[in-house]
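# Coordinate inspection notes
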Amino acid sequence: MADDATAAAFGGCCEELKDALSGDDFEPLIAVGEDGVLYLSVGLIDLEDEEPGMVEHPLFFCPFCGTKVQSEDDVKAKAEASA
Ligand SMILES: [Zn+2]
């Protein structure tokens, strides 16, 4: 979940992303997963017999300033390391 370490890991490019990751009064749609990959929530999905789930996609570029925050190789390596 969003915390200071998360903001430090991915919020280095601009205040907007830092704020988005460390938001206290809202549930961020940009968050770092348990595998250490930065994800963007792109929508909600209805799951049978369950609460609606979030559809997440790895985020490669900061949506605010355009800085590359992680590469496809980073994401692959982290996903494999946590698999
Ligand atoms: Zn940024």
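The structure this text deals with has already been given above.
Residues numbered from 1 in each chain as written. Predicted model: local features only at pLDDT ≥ 70, side-chain atom pairs only at ≥ 80, totals over all residues.

### Describing the pairing of strand S2 (residues 38–45)
The test is simple: Two strands form a pair only when DSSP identifies at least two bridges running between them. What counts as a helix is a DSSP run of H or I of at least four residues, what counts as a strand is a run of E of at least two, and both are numbered from the N terminus.
Relative to S2, strand S1 (residues 30–32) runs antiparallel, the two being bridged by three bridges. Note that in S2 the partner of alanine 31 across the bridge is tyrosine 39. Taking the residues that link successive antiparallel strands as the turn, the S1-S2 hairpin has five residues, and the phi of glycine 36 there is positive, at about 85°. Both S2 and strand S3 (residues 53–58) contribute to a ladder of six bridges, which runs antiparallel. Along S3, the bridge assignment pairs glycine 43 with valine 55.

### A few points about the sheet that holds S2
Operational definition: Between N-to-C directions, angles cover 0 to 180 degrees, with each direction set by a line fitted to C-alpha atoms, over the stretch in contact for helices.
A sheet is described by the order of its strands in space; here three strands give the open sequence S1-S2-S3, paired in antiparallel fashion. The open sheet has two edge strands, S1 and S3, and neither has a second partner. When strand polarity is set aside, the average angle formed by the axes of neighbouring strands in this sheet is 45°.

### So, the nonpolar core
Heads up, the condition is: Put simply, a nonpolar core is a cluster of buried Ala, Val, Leu, Ile, Met, Phe, Trp, Tyr and Cys residues tied together by C-beta atoms within 7 Å. Any residue surrounded by 20 or more other C-beta atoms within 10 Å of its C-beta is treated as buried, while 12 or fewer makes it exposed and the intermediate range makes it partly exposed; C-beta atoms here are placed from the backbone.
Counting 12 residues, the largest nonpolar core consists of Phe10, Leu17, Ala20, Leu21, Ile30, Ala31, Val32, Val37, Leu38, Leu59, Cys62 and Val69. Breaking this core down by element, the ones donating at least two residues are helix H2 (15–21) and S1.

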